[in-house]
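Here is what each chain is made of, one letter per residue.
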Amino acid sequence: MLLHDAGSHLAGLEIGGTKLVAARAYGRAIAERVTIPTTTPEATLHAARELLARWHASEALAAIGIAAFGPVRIDRAAPDYGHVLATPKPGWEGADLLAGLSGFGVPFALDTDVNAAALAEMSLGAGQGCDSLIYITIGTGIGGGVVVGGRPAHGRLHPELGHMMLGREAGDDFAGICPFHGDCIEGLVSGPALHARLGADPAAVAAGDPRWETVAGDLARLIANLMLTLSPQRIVIGGGVGLGQRAMVQGAARKVPALLAGYLPDIDDDAMARIVVPPVLGHDAGPLGAILLAERAASCETGAQV
Ligand code: ADP
Ligand code: ZN
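Each chain has its residues counted from 1, following the order in which its sequence is written. Working convention: letters from A go to chains and numbers from 1 go to ligands, in the order in which they are written. Side-chain atom pairs in this predicted model are given and counted only at pLDDT of 80 or more, local residue features only at pLDDT of at least 70, and totals for whole chains, interfaces and linings cover all residues. Remark: hydrogens and water are excluded; side-chain values derive from all non-hydrogen atoms of the structure.

Draft legend 1. Summary view of the sheet that holds strand β2 (residues 19–26). In this scheme, strands are said to pair when DSSP sees at least two bridges between them. Each helix is a run of H or I in the DSSP string that is no shorter than four residues. Each strand is a run of E no shorter than two, and both are numbered from the N terminus. Taking strand neighbours across the sheet as the criterion, the five strands line up as β3-β2-β1-β4-β5 in an open arrangement whose pairing is mixed. Each of the sheet's edge strands pairs with one partner strand only, and the pair in question is β3 (29–37) and β5 (108–112). With strand direction ignored, the average angle separating the axes of adjacent strands in the sheet is 15 degrees. Inspection of the sheet shows strand β1 (residues 9–15) paired to β2 by seven bridges, in the antiparallel sense. Between N-to-C directions, angles span 0 to 180 degrees; the directions come from axes that are lines fitted to C-alpha atoms, helices contributing only their stretch in contact.

What follows is the structure, given as structure tokens:
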């Protein structure tokens, strides 16, 4: 079935910490979008299901894609498939994101919001022509989605690259703020980490402030390690910090060749400027990613009829 040619009727849900965005599309063209505030799991998911039921009744949906904040169990074989795991978001731990969807009788796919965004940027945004891409959002936390060889990466769980524990810049003794690891990369360069580290709202710290050098060094280490482990063709960096501090992100990219010390071929400043790029889909990345998950559910073996 050639879904995007046929313009199949698809639905996608992006379940975020503050809002759920539901979209209905023909192929990859969004026809309608509805925002539901994220309150309790019961109220939020009930509203989303009512909406899906209405869409399905008006015209049969070919598939449903769900892109959810994590951590979430996305292994179809696990007994708690579709459940939210340990989350600081009150009331959401253990929530069953898929409960009630079985009534629709259409295939569905579930992945993380960041894997879905990675898929969307690769297919429709900053990574067109690539089949291996990492999407990183640096905001309140650090989330990372990974697509390798055209497929979102997951295994035992899913990538949690924001908690990678990397080396430190010489002379920097900031302890980091991650409640689990202290100075993992999220503990060092997320928005709240920068606030603690710089002693001010990071948006108010001038781009030329020398303290950004240390931050860029930390981010460079993340980028270099991702290039060494997953060999992405693109690393898309967004989120409030990623978009708000482009000079710092570009500075991080420029530090990578020296960190790699010639080990990876052809990695110079020009190559890094092509690899590390901003997102282009903006707020559409989530809903479009969910639609792409639906497209995959309808067309490939991972889609389960429920
Ligand atoms: P969330 O991660 O909650 O989805 P955002 O991606 O918008 O939200 O990120 C919010 C974080 O980004 C906040 O911690 C904020 O301090 C930080 N931030 C926003 N704008 C800037 C900026 N211009 N420079 C640095 N940090 C910023
Ligand atoms: Zn951590």
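Draft legend 2. Here's a closer look at the pairing of strand β6 (residues 133–138). Among the six residues in β6, five count as buried, and that is most of the element. Looking at chain direction, β6 and strand β7 (residues 142–148) are connected through six bridges and run antiparallel. Counted as the bridge partner of L133 is V147 from β7. Between β6 and β7, which pair antiparallel and follow one another directly, the connecting turn spans three residues. Three exposure classes are used, based on accessible area relative to the maximum for each residue type with a 1.4 Å probe and protein chains only: buried under 20%, partly exposed in between, and exposed over 50%.

Draft legend 3. Fine view of the packing of helix α6 (residues 211–230) against helix α8 (residues 246–260). Where α6 contacts α8, the axes come no closer than 7 Å and their chain directions differ by 55 degrees. The angle between the axes of α6 and α8 places the two elements in the oblique class. Judged by the sense of rotation from one axis to the other, the crossing of α6 with α8 is right-handed. Along its contact with α6, which presents W212, E213, V215, A216, G217, L219, A220, R221, I223, A224, M227 and L228, the element α8 presents M248, V249, G251, A252, A253, K255, V256, L259 and L260. Here is the rule for angles: anything less than 35 degrees is roughly parallel, anything more than 145 is roughly antiparallel, 65 through 115 is roughly perpendicular, and the remaining ranges are oblique. Left-handed describes a crossing in which the near helix is turned anticlockwise from the far one by less than a right angle; the clockwise case is right-handed. When checking whether two residues touch, look at their non-hydrogen atoms; a contact exists if any pair is within 4.5 Å.

Draft legend 4. Expanded view of the pairing of β3. With eight bridges joining them, β2 and β3 adopt antiparallel strand pairing. For L20, the partnering residue across the bridge sits in β3 and is I36. Linking two consecutive strands that pair antiparallel, namely β2 and β3, is a turn of two residues; a positive phi of about 60 degrees is found at G27 within it.

Draft legend 5. Examining the environment of A99 more closely. The topology assignment puts A99 in the loop between β4 (63–68) and β5. Given the relative accessible area of 31%, A99 is considered partly exposed. A C-alpha to C-alpha distance of 45 Å links A99 and W212, two positions 113 residues apart in sequence.

Draft legend 6. View of the coordination of the zinc ion (ligand 2). Coordination partners: N, O, S within 2.8 Å of the metal, 3.2 Å for Na, K and Ca; water not considered, so apparent gaps in a site are possible. Protein-derived coordination of the zinc ion (ligand 2) comes from H163 (ND1), C178 (SG), H181 (ND1) and C184 (SG), at a distance range of 2.1 to 2.3 Å. Key to geometry: four donors with every angle between 85 and 135 degrees are tetrahedral; four donors are square planar and six octahedral where opposite donors lie over 155 degrees apart and all remaining angles lie between 65 and 115; all other sites are irregular. Coordination at the zinc ion (ligand 2) is tetrahedral, judged from the four donor atoms that bind it and the angles of 105 to 117 degrees they form at the metal.

Draft legend 7. Just the site of ligand 1, in detail. By nearness alone, every residue bordering ligand 1 is listed as G139, T140, G191, P192, P202, A203, G239, G240, V241, G244 and Q245. In protein, a polar contact requires one atom able to donate a hydrogen and another able to accept it; more generally it is a pair of N or O atoms within 3.5 Å, and residues adjacent in sequence count only if both atoms are side-chain atoms. In this structure, Q245 approaches ligand 1 through a side-chain N or O atom, which is 2.8 Å from a nitrogen atom. If you list the elements that add at least two residues to the shell around ligand 1, you get α5 (191–198) and α7 (239–244). A per-element tally of the shell around ligand 1 places α7 first, with four residues. Here the shell around ligand 1 is built from residues that sort into four nonpolar, seven polar and no charged. Residue proximity to a molecule or strand is established when one non-hydrogen atom of the residue lies within 4 Å of it. Any residue outside Ala, Val, Leu, Ile, Met, Phe, Trp, Tyr, Cys, Pro, Asp, Glu, Lys and Arg is labelled polar, Gly included; the first ten of those are nonpolar and the last four are charged.

Draft legend 8. How the structure looks around a negative patch on the surface. Patches were defined on residues exceeding 30% relative accessible area and lacking a salt bridge, with like-charge contacts within 9 Å and nonpolar side-chain contacts (Val, Leu, Ile, Met, Phe, Trp, Tyr) within 5 Å. Every accessible area reported is derived by Shrake-Rupley at a probe size of 1.4 Å, with residue values counting cover from the shown protein chains alone. Salt bridge, as used here: a side-chain nitrogen of Lys or Arg that lies within 4 Å of a carboxyl oxygen of Asp or Glu. Positive residues here are Lys and Arg, negative ones are Asp and Glu, while His and the chain termini are left out of the count. Every charge is mapped onto a representative atom, which is NZ of Lys, CZ of Arg, CG of Asp or CD of Glu. Judged by side-chain charge, D266, D268, D269 and D270 come together as a negatively charged surface patch. By secondary structure assignment, the location of D269 is in helix α9 (residues 269–275). What makes D269 partly exposed here is its relative accessible area of 40%.

Draft legend 9. Fine view of the pattern of salt bridges. Taken as a whole and assessed by the stated rule, the structure comprises twelve salt bridges. Close ionic contact of R33 with D284 constitutes a salt bridge, the shortest N to O distance being 2.8 Å. Of the two residues, R33 sits in strand β3 while D284 sits in the loop between β10 (276–277) and α10 (285–299), which places them 251 residues apart along the sequence. Among the salt bridges present, the one from R221 reaches E169, with a minimum N-O distance of 2.5 Å. Here the residue R221 occupies a position in helix α6, and E169 occupies one in the loop between β8 (151–152) and α4 (185–189), the gap between them amounting to 52 residues.

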